[in-house]
Amino acid sequence: QVQLVESGGGLVQAGGSLRLSCAASGRTFSSYLVGWFRQAPGKEREFAGAISWNGAGTWYADSVKGRFTVSRDNAKKTVVLKMNSLKPEDTAVYYCAAASQSLVSIVTMTRADKYDYWGQGTQVTVSS
């Protein structure tokens, strides 16, 4: 089993940056695709970005492309979401999640129901 814990959320002004970390436990963590999702009040949870098991592949939602970067360090069992040029519409609870990469595709990796393990979430608030 994999356990995930997010940290690094907070309040930031529009145009600012935040660095979210996802700390993982579990010996098989390095074999998982890791995705970041976000959920704003009253809205469905949506895909933000993901990174392959070896870090060679990254994917981003159009809404964050060019502003967000996902990276991972399997030795440290961490995945980082670096968010730049933040906008008020980025305000949400952010979650990291892990999925067996062999069971997902470029199409399905954006679906929350494809991920087996989830963190508790961390709040990001961007003020204007």
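> Would you explain the nonpolar core in this entry?
Most often, soluble globular proteins keep nonpolar side chains buried together rather than apart. Ranked by internal contacts, the top residues of the largest apolar core, which has 39 residues, are Leu4, Trp36, Val79, Leu81, Met83, Tyr94 and Tyr115. For this core, the elements supplying multiple residues, two or more each, are strand 3 (18-25), strand 4 (32-39), strand 5 (46-51), strand 7 (68-73), strand 8 (78-83), strand 9 (92-100) and strand 11 (122-127). At six residues, the largest contribution of residues to this core is made by strand 9. Aside from chain neighbours lying at most four places away, what touches Leu81 is Leu18, Arg19, Leu20, Trp36, Phe68, Thr69, Val70 and Tyr94.

> How should I be thinking about unusual backbone geometry in this particular structure?
Across residues other than glycine, the phi torsion is negative in most instances, and most of the peptide bonds are trans. Residue Lys77 is not a glycine yet carries a positive backbone phi of 55°. Structurally, the position occupied by Lys77 is in the loop between strand 7 and strand 8. Although it is not a glycine, Ser85 adopts a positive phi angle of roughly 50°. A relative accessible area of 41% places Ser85 in the partly exposed class.

> So what exactly am I meant to see when it comes to the pattern of salt bridges here?
Between side chains of opposite charge, a pair can form when the charged atoms approach closely. Summed over the entire model, instances satisfying the criterion amount to five salt bridges. Salt-bridge contacts for Glu46 lead to Arg38; the nearest nitrogen and oxygen are separated by 2.8 Å. The exposure class of Arg38 is buried, given its relative accessible area of 5%. Asp90 is paired through a salt bridge with Arg67; the nearest N and O atoms lie 2.7 Å apart. With a gap of 23 residues between them, Asp90 in the loop between strand 8 and strand 9 and Arg67 in the loop between strand 6 (58-60) and strand 7 connect regions that are remote in the sequence. Assessed through its relative accessible area of 1%, Asp90 is described here as buried. Arg67 gets classed as buried once you look at its relative accessible area, which sits at 11%. Here the salt bridges share partners, and the residues they tie into one network are Arg38, Glu46, Arg67 and Asp90.

> Looking at this structure, I do not really get the side chain of Arg38. What am I missing?
Following the sequence through the fold, Arg38 ends up in strand 4. Here the side chain of Arg38 touches Glu46 through a polar contact of 2.8 Å, side chain to side chain. A polar side-chain atom of Arg38 sits 3.5 Å from a polar atom in the side chain of Ser63. Sequence-distant contacts of Arg38, that is, excluding residues within four places in its chain, are made with Glu44, Arg45, Glu46, Ser63, Val64, Phe68, Glu89, Asp90, Ala92, Val93 and Tyr94.

What counts, and where the lines are drawn
Residues numbered from 1 in each chain as written. Predicted model: local features only at pLDDT ≥ 70, side-chain atom pairs only at ≥ 80, totals over all residues. Heavy atoms only, no water. Core = buried A, V, L, I, M, F, W, Y, C linked by side-chain atoms within 4.5 Å. Buried < 20%, exposed > 50% of the residue type's maximum accessible area, 1.4 Å probe, protein only. Helix = DSSP H or I, 4+ residues; strand = E, 2+ residues; numbered from the N terminus. Contact = heavy atoms within 4.5 Å. Salt bridge = Lys/Arg side-chain N within 4 Å of Asp/Glu carboxyl O. Polar contact = N/O pair within 3.5 Å; in protein donor to acceptor, adjacent residues only side chain to side chain.

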